[in-house]
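The primary structure of each chain is shown beneath.
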Amino acid sequence: MNTRPTSTRSRPLASPPDPQRLLAVYLNDHLAGAGSGVSLIRRIARTHRRTPAGPALAGLAAAIAEDRESLRAFMTALDVPAQWPRVAAGRLVEKAARLKPNGRLVQRSPLSDVLELEAMRLGVEGKASLWRSLRVLAATDSRLDLAAVDRLLARAGRQASLLEALRLEAARGTFAAPAADAAQARRHGGAARHGMPGRPRWAS
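Residues numbered from 1 in each chain as written. Predicted model: local features only at pLDDT ≥ 70, side-chain atom pairs only at ≥ 80, totals over all residues. Heavy atoms only, no water.

Looking now at the side chain of T174. Along the chain, T174 turns up in helix α5 (residues 146-175). Among the polar contacts made by the side chain of T174, one reaches the main-chain carbonyl oxygen of A170 at a distance of 2.8 Å. (Helix = DSSP H or I, 4+ residues; strand = E, 2+ residues; numbered from the N terminus. Polar contact = N/O pair within 3.5 Å; in protein donor to acceptor, adjacent residues only side chain to side chain.)

Okay, structure coming up:
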């Protein structure tokens, strides 16, 4: 019976993960997402600037842009350079998302309001997760200001609450309008079916 000698050479061990490199990837992913979020909320605010929701959306857009600058400041403090190709790719993803079906081919659909506010709400929840992660790091890394992270985390909570309120109002105006029109038609002998205005949209 032929046997081969067993090699005594051990395979080289994999290098341990580099925390700084992982942190750089993580923060740059969030920076790319922040750029997309700023573009989206500014577009939402422009669309509704002449509506009752306009001032709230304009303030929200300004705050979210400030949050992105705070992230950049944290990255500088942590010696993490911005990877601009990754950030640019995030902007392209946001622009491509504008092409999603919304029920209309040419005009803007009321469904766009619901989808965009939903996307922003999810983005803010992701940003809150980022602040929580940095809070863990700030507990042992003096380069981060723990109080500043806490303020950003609290502000993300307020932003999420505002976006959820706007999202629910948009959903109410978009999905409940047919029932309201039908009720109005019954009350007014079918007037709503002949061009009478129905329930106003959430931001009109």
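Let us look at a positive patch on the surface. A grouping of R42, R46, R49 and R50 is seen on the molecular surface, where their side chains present a positively charged patch. Tracing the backbone through its elements, the reader meets R50 in the loop between α1 (19-47) and α2 (54-77). What makes R50 exposed here is its relative accessible area of 72%. (Patch = residues over 30% accessible without salt bridge, like charges linked within 9 Å, V, L, I, M, F, W, Y side chains within 5 Å. Areas by Shrake-Rupley, 256 points an atom, 1.4 Å probe, with all protein chains shown as cover. Salt bridge = Lys/Arg side-chain N within 4 Å of Asp/Glu carboxyl O. Lys, Arg positive; Asp, Glu negative; His and termini not counted. Charge placed at Lys NZ, Arg CZ, Asp CG, Glu CD. Buried < 20%, exposed > 50% of the residue type's maximum accessible area, 1.4 Å probe, protein only.)

Next up on the list: the confidence of the model for the protein. Per-chain confidence: the protein averages 81 in pLDDT, with 66% of residues scoring 70 or above. Summarising per-element confidence for the protein, the mean pLDDT is lowest in helix α3 (residues 84-97) (55) and highest in α2 (97). Ignoring residues within four places in sequence, the model shows residues 102-106, a span with pLDDT below 50, making 6 contacts including any to other chains. Note on residues 190-200: pLDDT is under 50 here. Beyond four places in sequence and across chains, it has 15 contacts. (pLDDT = per-residue confidence, 0-100. Contact = heavy atoms within 4.5 Å.)

Here the focus is unusual backbone geometry. If you check the backbone angles, D79 has positive phi at about 60° while not being a glycine. With respect to the helices and strands, the residue D79 is situated in the loop between α2 and α3.

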